[in-house]
Amino acid sequence: MPVFERDGAQIWKRRSRRESLLRWFGWLIGVAVFMVCWQRISEATTWFFVWDAPRIANDIWTRATPPRWEYITQLGRPIWDTLNIATLGTIIALILSVPVAFLAARNTTPSKLFIRPIALLIIVSTRSINSLIWALLLIAIIGPGVFAGVVAIAIRSIGFCAKLLYEAIEEIDHAQVEAITATGASRWQVMAYGIVPQIMPAFAGVAVFRWDINIRESTVLGLVGAGGIGLQLSSSLNVLAWPQVSLILLVILAAVVISEWVSAKVRGAII
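A few points on the structure.

1. A closer look at the packing of helix α8 (residues 174-182) against helix α9 (residues 187-218)
Where α8 meets α9, the closest approach of the two axes is 9 Å, and the angle between their N-to-C directions is 160°. Overall, the two elements α8 and α9 adopt an arrangement that is roughly antiparallel. Our pair here, α8 against α9, has a crossing hand that is right-handed. Across from Q176, V177, I180 and T181 in α8, the residues of α9 making contact are Q189, V190, Y193, G194, I195 and Q198.

What follows is the structure, encoded as structure tokens:
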């Protein structure tokens, strides 16, 4: 904290003049960037529709209530497909992410120069593309349906699971590994008895957490033709069947709330 003298008295200030000027200059740059971005957004926005949005929202709300409760009999199979997409996609992702995580961790990778960068590239590339984009690509390759949704969820989840797992591997207690190595254990025995038991709680937590996320993501994959309850939502939106749309949204909300409750209970039991 800088100290200044004035009339023989010491004055304490939080920042020096140079630090204050730099801080204000940073704020000035931030405000300028915000104004430029806001101007671009304003030029690309049709403000008539923005001001008319409350009336449109009220009209849609009026059309959508009450929900068409008798339509719920047709949502059993779609919501079951959505749960299967999330569950199978998570299982596939966990199976594939384990070797990727071991190859990416500094203390278990066979080569930090060649293999580790490839594993990190897999993690980054699968995490950087949204599941909807993966679903669009896979529908073009293997056709629409639940299988495309499962693969899309699996690919999207590999990077997420592998990143958390390889960080857990790097944070293990190396004393246990050294003790097992000192007994003359092979590389695979060291992994099986020195590393895997230490990361199992993290693995279980990641599995449950990712399944919870995939429940949410799989509900919208049907909007692009990847199956599940999102397909029913897309069909209802296309014909402007708002009572059906409101019921589908309520079912999706219930599924997400239940999955959140289940994942919280499981994580609590694990931890």
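2. Here we look at the packing of helix α5 (residues 115-128) against helix α7 (residues 146-170)
The relative placement of two packed helices is expressed as an angle between their axes plus a distance between the axes. Closest axis-to-axis distance for the α5/α7 pair is 6 Å, and the angle between their directions is 135°. It follows that α5 is oblique to α7 by the angle criterion. Helix-helix and strand crossings are classified by hand; for α5 and α7 the assignment is left-handed. For the pair α5 and α7, contact is made by R116, L120, I123, T126 and R127 and by I155, R156, I158, G159, F160, A162, K163, Y166 and E170, respectively. Residue composition of the contact of α5 with α7, by class: 7 nonpolar, 2 polar and 5 charged.

3. Things to note about the side chain of S259
You can see S259 is positioned in helix α11 (residues 242-270). By relative accessible area, which is 2% here, S259 ends up buried. With sequence-adjacent residues up to four places away left out, S259 is seen in contact with W211, D212 and I215.

4. What about the pattern of salt bridges?
In the structure shown here, the tally under the stated rule is 10 salt bridges. Among the ionic pairs, E170 bridges to R116, the shortest N-O distance being 3.6 Å. One end of the pair, E170, is in helix α7; the other, R116, is in helix α5, and 54 residues separate them in sequence. Between E167 and K163 there is a salt bridge, and its shortest N-O distance comes to 3.1 Å. Placement of both E167 and K163 in helix α7 is noted, with a separation of 4 residues, approximately one turn of the helix. A residue is classified by how much of its surface remains accessible, and K163, at 26% relative accessible area, is partly exposed. Linked through salt bridges whose partners overlap, the residues forming this network are R106, R116 and E170.

5. Considering unusual backbone geometry
In this structure, the amide linkage connecting T65 to the following residue, P66, adopts the cis form with an omega of -5°. Locating P66 in the fold gives a position in the loop between α3 (53-64) and α4 (76-104). At L240, a residue that is not glycine, the phi angle is positive and equals roughly 55°. Within the secondary structure, L240 sits in the loop between α10 (229-238) and α11.

6. Description of the side chain of E217
Here E217 shows up in helix α9. Judged by its relative accessible area of 17%, E217 is buried. Not counting residues within four places of it along the chain, the set of residues in contact with E217 comprises S131, I153, R156 and R210.

7. Considering the packing of aromatic side chains
Going through the model one piece at a time under the given rule, you end up with 1 aromatic pair. Ring plane angle 50° and centroid distance 5.8 Å describe the contact between F160 and F209, whose orientation is recorded as tilted. One end of the pair, F160, is in helix α7; the other, F209, is in helix α9, with 49 residues separating them in the sequence. By relative accessible area, which is 18% here, F160 ends up buried. In this structure F209 comes out as partly exposed when scored by relative accessible area, which is 35%. Across the ring face of F160, the terminal group of R210 is positioned such that the distance to the ring centre comes to 4.8 Å.

8. Some thoughts on the nonpolar core
Among the nonpolar cores identified, the biggest contains 20 residues, and A101, F102, I123, Y166, I169, I195 and I199 are the most heavily contacted of them. Listed by contribution, the elements that provide at least two residues to this core are α4, α5, α7, α8 and α9. Examining the composition of this core, we find that 5 residues originate from one element, α7, more than from any other. When residues no more than four places from it in sequence are discounted, the contact partners of I195 are F102, T108, I169, I172, V177 and V190. Residues A64, W242, L247 and V256 belong to the second largest nonpolar core, which totals 14 residues.

Quick notes on the rules
Residues numbered from 1 in each chain as written. Predicted model: local features only at pLDDT ≥ 70, side-chain atom pairs only at ≥ 80, totals over all residues. Heavy atoms only, no water. Axes fitted to C-alpha atoms, helices over the stretch in contact; angles between N-to-C directions. Helix = DSSP H or I, 4+ residues; strand = E, 2+ residues; numbered from the N terminus. Parallel < 35°, antiparallel > 145°, perpendicular 65-115°, else oblique. Left-handed = near helix turned anticlockwise from the far one by under 90°. Contact = heavy atoms within 4.5 Å. Nonpolar A, V, L, I, M, F, W, Y, C, P; charged D, E, K, R; others polar. Buried < 20%, exposed > 50% of the residue type's maximum accessible area, 1.4 Å probe, protein only. Salt bridge = Lys/Arg side-chain N within 4 Å of Asp/Glu carboxyl O. Phe/Tyr/Trp six-rings, centres within 6.5 Å; stacked < 30°, edge-to-face > 60°. Lys NZ or Arg CZ within 6 Å of the ring centre and 35° of its normal. Core = buried A, V, L, I, M, F, W, Y, C linked by side-chain atoms within 4.5 Å.

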